[in-house]
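So you can see what is in the structure, the chains are spelled out below.
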Amino acid sequence: MSVKKFAVAVYDDEAVLFPAVKKVRSAGYKIHDVYTPFAVHGLDVALGEKESDLHVAGFIYGITGTATALGFMGWIFTTDWPQNFGGKPTFPLPAFIPIVFELTVLFAAVGMVLTFCYLNQIMPGVKKHIFHPRQTDDKFVMAIEVTDENAASTEAFLKSTGAEETKVEMAEADWWYGRFDQKEEYEIKQQLA
Amino acid sequence: MLNQEFKIPAKLKTTSLVLLVIGLITLGAGVATLLFSHEVVSQTRFWAVLLQNSIFFLLISLASVFILSATSLAQAGWIVSFRRIPEAIGSIVWVLGIIAGAIILTLIWTDNYHIYHWLEKGNIPHNSLNTLKNFFLSKPFFSIWTVVVIALWGWLGVKLRNLSVQQDSEPKGSTKTYWINFKYSAGFVFVFALTLASTIPWLWIMSIDSHWFSTMFSWYTFASSFVSGMSMIMLWILYTKRHGYLDIVSDEHIHDVGKFMFAFSIFWTYLWFSQFMLIWYANIPEETIYFKIRMHGPYKFFYWLNIILNFVCPILILMPRPNKRNYFVVVLVAVLIIFGHWIDFYQMIMPGTVGADWQMGWFEIGILCGFVGLVIWLVANKLTKAPMVPQNHPFLKETIIHIS
Amino acid sequence: MHLKYESVIREALVDGKKDYHQVTEDICAPIENKPTKLWKIGFFLSASLLLFGVFSVGWEVYWGTGVWNLNRTIGWGWDITNFVWWVGIGHAGTLISAILLLFRQGWRTGVNRAAEAMTIFAVMCAGQFPIWHMGRVWDAFFVLPYGNTRGPLWPNFVSPLLWDVFAISTYFTVSLLFWYSGLIPDFATIRDRAKTKFRKAAYGLASFGWAGSAKHWQRHEMLSLVLAGLSTPLVLSVHTIVSFDFATSVIPGWHTTIFPPYFVAGAVFSGFAMVQTLLVITRKVLKLEDYITIGHIEAMNKVIVLTGSIVGVAYLTELFIAYYSGVLWEQEAFRLRVMGPYWWAYWAMMTCNVVSPQLFWFKKLRRNIWFTFFMSIIVNIGMWFERFVIIMSLHRDYLPSSWSYYTPSWTEVGFYLGSFGLFFTCYFLFAKYFRLLPLRKSSLS
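Per chain, the residues get numbers from 1 upward, laid out in the order the sequence is written. All chains are assigned letters beginning with A, and all ligands numbers beginning with 1, in the order in which they are written. Only residues with pLDDT of 70 or above have their local features reported here, since the model is predicted, and side-chain atom pairs are shown and tallied only from 80 upward, although totals for entire chains, interfaces and linings are computed over all residues. To get the side-chain values, take all heavy atoms of the structure and skip hydrogens and water.

A few words now on the environment of Q52 of chain B. Residue and element names in this part refer to chain B. We count a stretch as a helix when DSSP gives it H or I for four or more residues in a row; a strand needs E for two or more, and each element gets its number in order from the N terminus. For Q52, the location among the structural elements is in helix α2 (residues 40-73). Any residue under 20% of the maximum accessible area for its type is buried, any over 50% is exposed, and the rest in between are partly exposed; the area is computed with a 1.4 Å probe on protein chains only. Residue classification places Q52 among the buried residues on the basis of a relative accessible area of 0%. In sequence terms Q52 and W342 are 290 residues apart; their C-alpha atoms lie 8.2 Å from each other. Residues contacting Q52, with those up to four places away along its chain left out, are W342, F345, Y346, I349 and M350. We call two residues in contact whenever any of their non-hydrogen atoms come within 4.5 Å of each other.

Now the structure itself:
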């Protein structure tokens, strides 16, 4: 829980957003985050974000699934309860392939989605501050953390980058448990009090 | 740079001619051996190797025509940047077709029943159960269908190329030839479905094991030829790029071709596994005999080599994204895939012909060299005949700014 | 980054000049407005069908599977036919969302949400059939490999029927994850537009608190790509495994190696037809003609003619190889399919699946809404018959005294109708409360 002060700029178009991001970064501001209604190709690069390693996690989960399926079925069929099914060998690898494959995919998919939720800190009941009601519709929103001293100058700078609308507001920088139908300004005030 | 024309580098010319000469010498030596030795095994080996190589190189070149047609029908923009390469490969199908056709027809009309066992009298009894089989595997039907199919393939391969070249001299923005090309592509896919995806592999390859049958066989052959065809295109793209052509082919294009090689290697494995597993599981002796000689018999080595080269290598090497963009790695995998599927065709044809007496010696390698040289020489010459990039294709601009 | 260029050959994917906000308005309108009369009628009808299905299944559970007309020779009837049919329909959703994503087909955005939802519902319907066929359904958990008190007793991992359990449940889970992870940002849009307290709270929960941060979008893209990469072989494997149910046996007409890819092609074929049926109705009822354009419908029809022809080649291959094989039993099985007591099913299949889709070679017909709608139904009938034809290979046996004929009882028909009820009830709820189309850059260019 950390309520901070942000200078917020709202952009109308990606074509304005990209040069703005570049200007803001080269002017030495540290961008808290940029919110977009859809994935904007190349924005992560423009923001200097590292490439995500989510797929590596997926690969590890997948291998775990393969090993689990092979190990479990192999143990049952060779050690725990060997049986003769249709004259097949006790370790009938070709007949194991379907289940091995399914479990590989299952482990990889479930593991990746859970990791995704964990990394993004999202789950049912989680609430985050929404700077602009249309940031999930058609507007592109950039937020920069400011202090009381540089708030006005940052806002003015953002205005100069072509923002359609700018403002300075107090907001929760992190996530918290909450409901979206409840007023959050109230919570913020309470915390400040 | 867009209207650059290909000039064959001297080294490539020499290499291809040297390989071609090696092939011809090998062929001559093979004929000489046949004159002095009347052993059945060496005769069978001679013809089986010619059959394997001619069919293999015909089918992987034909894959280019299919790739062209399929991407035209799907209106894929990205492929346009290197379209001239599959076009060039496709337009030599007729040469390889004549070679393969000549070899196959010679086998049929000289009653070479060591290759095609059904040519032997009584191999397939004439009774009511075999009415269709006796018609399908009869000399007249076999020959007519072979000739018709090769003619159709050759003609459509040349036609698609000519249409594309014709488009170069059209006024800017004209889409007339584009739509004609679209119709011919649809026609080719139709022909392809009735030939390569069904009848031709049954006739040319499956009938070697004249009592064995598998409904999957043709689709399996298709997957094999498709993935090696894609690899061959990849090799040509990278080769020409290295010599300063095809600037507009970016890493993104290479990556996409790499993905195709990766995905269709998996697809091939899927078909391979389905065919193998179903036969293994049902365990019907008439069917399992096909795998017995390959898996447990004298072809054990090739059986596993086939899986390692065509499944394990591509999937492990091409899975990480950077590897699909690394030219050296991609070239390595492409060569592995082409060689792997050459082995695949080897293990399709040899067990039913030379059987336990297989050899992998000077003759096999020499003939392989000859065909490689021939294909390089023919394709390189074709590439010089037109600009390396289609000048007027409606998707040209799209392909230049192709991003992932 | 803004290098997006479309050739003159291509059609616009969204008709009319629209900006992002207009797109959101149009797509959210069905969710935010009161349900229309058409929607209410449709929902009521489907819910009644579902109730009838529940009654039929209840009847079967109470009296046992004996109320179905299965007999000693024909041990599988409508039940498994419907199972395979529904699983097949589900495949188009994954194909559209995963394979077309990998192939970068821009037009998929117009149809993928509906198709993915359809996958989930179709798999739910499919799952019903084997579960209720168990008879003692309260023991259904026996199929799972769990430590139990009956000694080391495990399910038979070598049985294709057990592979089905793994395949279908994995497929359902992965499709659900893929679909839901795509929906999270859409729910966030609805949440932030919501006027009522309840709506804000409900969609707030459903959106997982998504705010649209750039880093999160980057991970989201990666997740979608990898899930698509996983789903593509998964979708192949699922229908492959369903085909193994038949092909691993030694029954003439069932044991044939082409089954796996041919089942997959057939699945895509019927699935696209079902998506087509739903979209033609949805775009009309929800007034989304500008987003689900004729261009989309034509592209889907092309896939239908392609997969229909693949299936056609497979039918002819099977028939040809049966005669080529020289095996008496194979030949007889196929003679009976074509000319036996179930000849009508075979010819219905051939007409609907192979012959009639060829009409889509004509551009005029591909772009005709009414003809498309009609054909989509025909294809689904044909694909149902395909499974029926395969399963009815059972009606002859090596022993003539076992020869038999099968017609379904009312409970079997009721069960099938009930599955339609389930499917459409879910779909109507989905179309009303979920965003049908995602907002994507590519859908605007």
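Okay, back to it.
On to the domain arrangement of chain A, then. Residue ranges assigned to the domains are those given by an automatic or database domain assignment. Taken domain by domain, chain A holds domain 1 (3-51 + 125-192) and domain 2 (54-120). Placing a centre on the C-alpha atoms of domain 1 of chain A and another on those of domain 2 of chain A gives a separation of 43 Å.

Turning our attention to the interface of chain C and chain A. Opposite the 58 residues of chain C that make contact, chain A presents 65 residues. Two parts lose some accessible area (1.4 Å probe) when they are put together, and adding that loss for both gives the buried area. Three residues, F157, F208 and R219 of chain C, lead the burial of chain C against chain A; their summed loss comes to 11% of the area buried on that side. Salt bridges are identified by distance alone: a Lys or Arg side-chain nitrogen within 4 Å of an Asp or Glu carboxyl oxygen. Inspection of the chain C/chain A interface yields 2 salt bridges. The partner of E49 of chain A in a salt bridge is K215 of chain C, and the shortest N-O contact between them spans 3.8 Å.

Reading predicted coordinates in detail is not appropriate for stretches of low pLDDT. Confidence of the predictor at the level of single residues is captured by pLDDT, which takes values from 0 to 100. The pLDDT averaged across chain C works out to 86; a share of 91% of its residues lies at or above 70. Counting interchain partners and residues more than four positions distant, the pLDDT-below-50 stretch residues 441-445 of chain C has 14 contacts.

Okay, the packing of α2 of chain B against helix α4 (residues 93-109) of chain B next. Residues and elements named next belong to chain B. A fitted line through C-alpha atoms serves as each axis, taken over the contacting stretch for helices, and the angle formed by two N-to-C directions is quoted from 0 to 180°. Direction vectors running N to C along α2 and α4 enclose 150 degrees, while the axes themselves pass 9 Å from each other. Considering only the axes of α2 and α4, their crossing is left-handed. From α2, W47, L50, L51, S54, I55, F57, L58, S61, L62 and V65 reach across to α4, where they touch V93, L96, G97, I99, A100, I103, I104, T106 and L107. Here the nonpolar group is Ala, Val, Leu, Ile, Met, Phe, Trp, Tyr, Cys and Pro; Asp, Glu, Lys and Arg are the charged ones; every other residue, Gly included, is treated as polar. Split into classes, the residues belonging to the contact of α2 with α4 amount to 15 nonpolar, 4 polar and no charged. Here a crossing is taken to be left-handed if its near helix is turned anticlockwise relative to the far helix by less than a right angle, and right-handed if that turn runs clockwise.

The next subject is the pairing of strand β4 (residues 140-146) of chain A. Residue and element names in this part refer to chain A. Most of β4 sits out of view: 6 of its 7 residues are buried. For two strands to be treated as a pair, DSSP must find at least two bridges joining them. Relative to β4, strand β1 (residues 3-11) runs antiparallel, the two sharing 7 bridges. Across the sheet, residue V8 finds its bridge partner in β4, namely A143. Sheet topology note: the strand β2 (residues 31-35)/β4 ladder contains 4 bridges and is antiparallel. Within the sheet, the bridge partner assigned to Y35 lies in β4 and is V141.

Our focus in this paragraph is the sheet that holds β1 of chain A. Residues and elements named next belong to chain A. Pairing is antiparallel in the open sheet, where 4 strands are placed in the order β2-β4-β1-β5. A single partner strand is all that each edge strand has here, and the edge strands are β2 and β5 (165-172). Direction aside, neighbouring strands of the sheet carry axes that sit 25 degrees apart on average. Of the strand pairs in this sheet, β1 and β5 are connected by 8 bridges, and their pairing is antiparallel. Each bridged residue has a counterpart across the sheet, and for V3 the counterpart in β5 is E172. In the packing of helix α5 (residues 151-160) onto the sheet, contacts are made with β1, β4 and β5, and the angle to β5 comes to roughly 135 degrees.

Before going further, it helps to spend a moment on the nonpolar core. To form a nonpolar core, buried Ala, Val, Leu, Ile, Met, Phe, Trp, Tyr and Cys residues must be joined to one another through side-chain atoms within 4.5 Å. Of all hydrophobic cores here, the largest spans 295 residues; its most connected members are Y116, W153 and W204 of chain B together with W86 of chain C. Tallying contributions element by element places helix α9 (residues 251-282) of chain B first for this core, with 17 residues. Apart from the residues within four sequence positions on either side, Y116 of chain B is in contact with L51, I104, L107, I108, F142, L203, W204, S207 and I208 of chain B. Core analysis: the next-biggest nonpolar cluster, separate from the first, contains 22 residues, V34, I144, L158 and A163 of chain A among them.

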